[in-house]
Structures are given as structure tokens and as C-alpha cells.
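Structural description and commentary
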Amino acid sequence: MKNVAILASGSGSNAENIIKHFSGSKDVHIPFVLCNKKDAFVHERAKSLGVKSMTFSKNELENGEILNLLKRENIDFIVLAGFLLKIPAEWVEAFQNRIVNIHPALLPKFGGKGMYGMRVHEAVVANGEKESGITIHYVNEVYDSGAIIFQAKCDVLPTDSPEDVANKVHALEYEHFPRVIEEVLNKL
Ligand code: GAR
């Protein structure tokens, strides 16, 4: 059995989708969701799915407390599902190739600090892009620059609003993220 922790910062629709995907699995257990915002909707989603959720501060992320919790709880793998803080270097070292993130664009385009959620889709539309998509990648010390595991594309029409792009990208996330996580876990 592999223990997987999900980290999220906001709505948590990807976290919910991943929890549902692995519910009843004999190979993957998701003991809790960790979130850096106490009011984030992901807490409600976790609760309604019967998964524990906890809030932590940026300080606890950076001073090693949360890393110690993950080790104590025998976490094997970490999924960033809309998690917006930078992962400390000690985490990357402790969980080599065991932290994955999803980014709502085709990296290396539209990545880096400050590029998250709707900001990404606004930039894609403002730039007149003809396509966007998702990137699932390993996490290293630099925002959005770890080795790419998987990408999928969607069209961006001239008439699309950032919300339209967000909807297309979310659909790709829901379709692919749990499956790609499962594939990566199977290779551990
Ligand atoms: C997702 O679209 C995810 O790709 C993005 O935040 C959204 C979270 O939605 N992540 C980033 O922008 C990371 N840089 P959710 O909370 O409903 O899963």
C-alpha cells in the first residue's frame, strides 16, 4: 500500500477527483489533504469524502514541521493539486521524484512564480494563444520546471474567455491527472 498526501490551496476539485479515483483502491491510500488556507473549499470536499484535512502555515511548511509530519505518517508520495506555495528544497531532497504537480498550461509557457489558476488562463487569452492544456511534472527547487511527465492540449478559440479556457483545462485535468498519478505510483 502506498500512502499519498494531497496538498491544495483552493477549491480542491482536482483533490476531490483524485480521492474518488483511488477510493477503494488496494494499492493507494490517501490519509489526508493538507492545505495552507483554513477557509479553502478543499476542506469541505475532503470532509464529505471522509478524508481528513489539515491546515498549516507557510512557516510550518518552511521550518520542517510538515515534512516531519509526512515522514511520521509514512507518506510515500505527494500530489500538488492546485497548491500555490513553493515547495522547500528539503522536501525535494527527501521525496526525490515523489512529488508531482499539475500546471494549467503547456509548460514551459505560462509558468513560474505568480502564474497560477485564472492568471494563467488570462495570460493565455491575452497572448492570443491558439492552444493551451495541462502539464503534469515532477517538482524540483524551481517553480514549474521539474521534468515533464505528461501534457495534453486543448484548442483556444479567438472567442474564448479565460473562463472558457479554464473549463477546457479543468476537463483535461479531471481526465488525466488521476490516471497519470496511478501510472507513476505503479513504477515506484
Ligand atoms: C488547477 O487548474 C491547477 O492546475 C492549478 O490550480 C487549479 C486548482 O483547481 N494549479 C496551478 O495553477 C499551480 N501553479 P482546483 O483547486 O479546483 O483543483
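Below is a summary of the structure that appears in this document. (Residues numbered from 1 in each chain as written. Predicted model: local features only at pLDDT ≥ 70, side-chain atom pairs only at ≥ 80, totals over all residues. Heavy atoms only, no water.)

Focus on the overall build of the protein chain
Worth spelling out the cut-off: The way it works is that DSSP assigns letters per residue, a run of H or I at least four long becomes a helix, a run of E at least two long becomes a strand, and they are numbered from the N terminus. Note on classification: 1.4 Å probe, protein chains only; a residue is buried when its accessible area is under 20% of the maximum for its type, exposed when over 50%, partly exposed between these limits. We call two residues in contact when some of their heavy atoms are within 4.5 Å. To measure how exposed things are, a 1.4 Å probe is used in the Shrake-Rupley method; for residues, cover is taken only from the protein chains shown.
Along the protein chain, the regular secondary structure elements total seven helices and eight strands. Within the span of the protein chain, comprising 188 residues, buried residues form 48% of the whole. Sequence-distant contacts in the protein chain: of pairs separated by 6 or more residues, those separated by 24 or more amount to 67%. For the protein chain, the accessible area works out to roughly 9400 Å², and carbon and sulfur atoms hold 49% of it.

What about the environment of Val-100?
Note on placement: Val-100 falls in strand β6 (residues 99–103). Judged by relative accessible area, Val-100 falls into the buried class, the value being 1%. Remark: the alpha-carbon pair of Val-100 and His-137, spanning 37 residues in sequence, is separated by 5.5 Å.

Considering the site of the ligand
Using the following cut-off: One heavy atom suffices: a residue is near a molecule or strand as soon as one of its heavy atoms comes within 4 Å of it. In the analysis that follows, any N or O atom pair within 3.5 Å is treated as a polar contact, provided that within protein one partner can donate a hydrogen and the other can accept it, and provided that, for residues neighboring in sequence, both atoms belong to side chains. We call Asp, Glu, Lys and Arg charged. Ala, Val, Leu, Ile, Met, Phe, Trp, Tyr, Cys and Pro are nonpolar, and the rest, Gly among them, are polar.
Residues in contact with the ligand amount to 13 residues; listed here are only the nearest, Gly-12, Ser-13, Asn-14, Gly-117 and Glu-173. Between Ser-11 and the ligand, the recorded distance is 3.5 Å, taken from a backbone N or O atom to an oxygen atom. Here an oxygen atom of the ligand and a side-chain polar atom of Ser-13 are 2.5 Å apart. For the ligand, whose unbound accessible area comes to 450 Å², protein coverage reaches 90%. Taken together, the residues of the shell around the ligand break down into four nonpolar, eight polar and one charged.

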